[in-house]
Amino acid sequence: MGSLQFSFGTMSSGKSTLALQIHHNLAATGTGLLCSMHDRAGAHVSSALGVSTPAVEVHPKLDFYALAHSHQSGHGALDYLVCDEAQFYTDPQVDQLARVVDELGVDVYAFGLLTDFRGKLFPGSARFLEVADQRLELQVQARCWCGRAATHNARLHDGVQVYDGDVVLIDDGSTAQVTYELRCRNHWILGDSGPIADRFRAAG
Ligand SMILES: [Zn+2]
């Protein structure tokens, strides 16, 4: 009997690092696939700590059930799937993963961001919360600049926090420099970048 586990956190909560570690450990005794979408390294899962492993690139039209079923038929076994950047998966893809668990007996370990820079649940993450067997919040002490636990991802344009825009940012050639920072809820709501921003303002 398989299980669908959804682990979530902010940026820098170690999702990709943990995904790589689970894949590494399970691959010692089983057969599995590592899957990712929009990763910073293309068809890889790469962690902020510098480790990178080739992965199945997840496109919106990928059918996880078909992928798992054909892998079981072709290779004789499939024990697990490790799915990174799972916040970007579509509702049907999350439901396919539930079928992979229930009908094919495969364990699925999914990792994703909970909310986007607007503070809204990613649709894929919402669906995982609805259907997962286990929902785990990652606890690696990611912090806001003030020292409080980071619960939000802030998007900044040229250092100024924004609350509107496309969830998946396509490079449109605009000159604004887009960066992301971790914030506690209070400083996310206030759009407060802290003393570093104050120094910038004093210098500018
Ligand atoms: Zn704060």
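Residues numbered from 1 in each chain as written. Predicted model: local features only at pLDDT ≥ 70, side-chain atom pairs only at ≥ 80, totals over all residues.

A closer look at the overall build of the protein
The test is simple: By definition, any uninterrupted DSSP run of H or I lasting at least four residues is a helix, any uninterrupted run of E lasting at least two residues is a strand, and each is numbered from the N terminus. We compute the radius of gyration from the C-alpha atoms alone; for a globule the expected value is 2.2 Å times N to the 0.38, where N is the number of residues. Each residue is classed by its C-beta neighbour count within 10 Å, where at least 20 other C-beta atoms makes it buried, 12 or fewer makes it exposed, and intermediate counts make it partly exposed; the C-beta atoms are placed from backbone geometry.
What the protein contains, in helices and strands, is six helices and eleven strands. For 204 residues, the compact-globule formula gives about 17 Å, and the C-alpha radius of gyration of the protein, at 18 Å, lands near that figure. Viewed in the frame of its principal axes, the protein has a C-alpha envelope of about 65 × 35 × 30 Å. Here the protein holds 204 residues, and 34% of them are scored as buried.

Digging into the sheet that holds strand 10 (residues 160-162)
Our working rule: Here, strands pair whenever DSSP counts at least two bridges between them. Here an axis means a line fitted to C-alpha atoms, over the contact stretch when the element is a helix, while the angle between two N-to-C directions is reported on a 0 to 180 degree scale.
Spatially, the three strands line up as an open sheet ordered 10-9-11, and their pairing is antiparallel. Every other strand in the sheet has two partners, leaving strand 10 and strand 11 (178-183) as the edge strands with one partner each. When strand polarity is set aside, the average angle formed by the axes of neighbouring strands in this sheet is 45°.

Let's talk about the environment of F88
With respect to the secondary-structure elements, F88 resides in the loop between strand 6 (80-83) and helix 3 (91-104). Remark: the alpha-carbon pair of F88 and G105, spanning 17 residues in sequence, is separated by 24 Å.

Concerning unusual backbone geometry
If you check the backbone angles, E85 has positive phi at about 55° while not being a glycine. Among the secondary structure elements, E85 is positioned in the loop between strand 6 and helix 3. Of the residues examined, E85 has 24 C-beta atoms within 10 Å and is grouped as buried. We note that D158 has phi near 50°; this positive angle belongs to a residue other than glycine. Summarising the element assignment, D158 is placed in the loop between strand 9 (152-157) and strand 10. Note on D158: 10 C-beta atoms within 10 Å, which makes it exposed.

Fair warning: the whole summary comes from geometry, so function is off the table for now.
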